[in-house]
Amino acid sequence: MVAINNSTEIRCQEKSRGGLSYEVILAEPAPNVTIPKKPVTPGKNVSAEEIEQKLKAAEERRISLEQKKMADLTYKLAKIEEATRKKDEITNEFINQTKEQLESKMEQHVEKREAIISDLKEKLKIHSQEIEKTREQLEQQKYIEKIAIEEKLKTAQTLRDENIKKMLERLKEHNTVKIAEIKNQIDQLESQKIEEKARIIENKLFTAEQNREKELQKKIEKVHKLERRAELVRQNKAAAQQPLSEDNAAPIASSG
């Protein structure tokens, strides 16, 4: 009688933290292996029917043992699958919570950044209005000063003409060439004085206009920088809202 040796090997290896991976190998019957024969009791004959019954009982025990092993193996595999499922649920929950926290922080950061930019824009708008008001005041002051200069020029011209007239009356005795030279000298002196005053006023107004334009340009460049930063934050937020891939999710799960 050839014996049937049906061995089952279970290998266990820890694959990841909190879970186990099993390999189940059903080995083939070993060749040339026989079950030791039970010594026959002297003086007792064993019939073929008894042998058949013993073989049948042995086969039933073998089948029952295999069924028990398979049931135990199925139970262990079910526990492993349940543990793996729970681990996956915990990992996914951790990933989702982490993602929600990151998105919430990103939204708060963007909202705060946009509020700051909005506040700076409002302040810059107010400052620009003040600058424009100052410019209008300077323009008005320039116009008033121009009118005043024109009035002074008219007055000076009148006084000059009167002085010239008086001088001409006093110098009637002198010849025409002398009178013309004196008048020319007086005209040059008066013109130089008037031109010098006008040049000083124009220089002051020009310097004030340049300073106002430089200040306004600095404020505009500052707003442009803030707008570029806000655009970069919005792009980062849009990138963060895209679904995580499996390669990105793996490091987060292992860190928990």
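Fair warning: this is a prediction, and the values are worked out from it, not measured in the lab. (Residues numbered from 1 in each chain as written. Predicted model: local features only at pLDDT ≥ 70, side-chain atom pairs only at ≥ 80, totals over all residues. Heavy atoms only, no water.)

Of regular secondary structure, the protein chain possesses three helices and two strands. In sequence order, the protein chain lays out its α and β elements as β-β-α-α-α. Here the protein chain holds 256 residues, and 9% of them are scored as buried. A separation threshold of at least 6 residues defines the contact pool for the protein chain, and within that pool the share at least 24 residues apart is 67%. Split by element, the accessible area of the protein chain, about 21,500 Å² in all, is 53% carbon and sulfur. (Helix = DSSP H or I, 4+ residues; strand = E, 2+ residues; numbered from the N terminus. Buried < 20%, exposed > 50% of the residue type's maximum accessible area, 1.4 Å probe, protein only. Contact = heavy atoms within 4.5 Å. Areas by Shrake-Rupley, 256 points an atom, 1.4 Å probe, with all protein chains shown as cover.)

A residue-level look at the protein chain finds 73% of positions with pLDDT of 70 or above and a mean pLDDT of 77. The least confident element of the protein chain, judged by mean pLDDT, is helix 3 (residues 246–255) at 44; the most confident is helix 1 (residues 48–170) at 88. Note that residues 1–10 has pLDDT below 50 and, in this model, 24 contacts with residues that lie over four places away or in other chains. In this model residues 245–256 is a low-confidence stretch, pLDDT under 50, and it forms seven contacts with partners more than four residues away in sequence or in other chains. (pLDDT = per-residue confidence, 0-100.)

Among the surface-exposed residues, Tyr143, Ile144 and Ile147 lie close enough to one another that they form a single nonpolar patch of about 300 Å² accessible area. Mapped onto the elements, isoleucine 147 comes out in helix 1. (Patch = residues over 30% accessible without salt bridge, like charges linked within 9 Å, V, L, I, M, F, W, Y side chains within 5 Å. Salt bridge = Lys/Arg side-chain N within 4 Å of Asp/Glu carboxyl O.)

With that settled, the discussion passes to the pattern of salt bridges. Opposite charge on two side chains lets them pair, provided their charged atoms get close. In this structure the tally under the stated criterion is 14 salt bridges. Salt-bridge contacts for lysine 123 lead to aspartate 119; the nearest nitrogen and oxygen are separated by 3.3 Å. Separated by four residues within a single helix, lysine 123 and aspartate 119 lie in helix 1, roughly one turn from each other. Given a relative accessible area of 38%, aspartate 119 falls into the partly exposed group. Counted as one network, the salt bridges with shared partners bring together Glu59, Arg62 and Glu66.

Looking at where arginine 62 falls in the secondary structure, it is placed in helix 1. Only 2.5 Å separates the side chain of arginine 62 from the side chain of glutamate 66, close enough to count as a polar contact. (Polar contact = N/O pair within 3.5 Å; in protein donor to acceptor, adjacent residues only side chain to side chain.)

Now for helix 1. The end-to-end C-alpha separation of helix 1 is 176 Å, in line with the 183 Å expected for 123 residues at 1.5 Å each. Within helix 1, the full set of buried residues consists of Leu73, Ile80, Thr91, Ile95, Thr98, Val110, Ile117, Leu124, Ile131, Ala156, Arg160 and Ile164. (Expected span 1.5 Å × (residues − 1).)

Attention now goes to the environment of isoleucine 116. Structurally, the position occupied by isoleucine 116 is in helix 1. In sequence terms isoleucine 116 and leucine 226 are 110 residues apart; their C-alpha atoms lie 9.1 Å from each other.

This part takes up the environment of arginine 85. Among the structural elements, arginine 85 can be located in helix 1. Engagement of the side chain of arginine 85 in a polar contact is seen with the side chain of glutamate 82, the distance being 2.3 Å.

Within the secondary structure layout, arginine 160 lies in helix 1. Take arginine 160: its relative accessible area is 13%, and that puts it in the buried class. Among all residues touching arginine 160, those that are not within four sequence positions of it are Ile186, Asp187 and Glu190.

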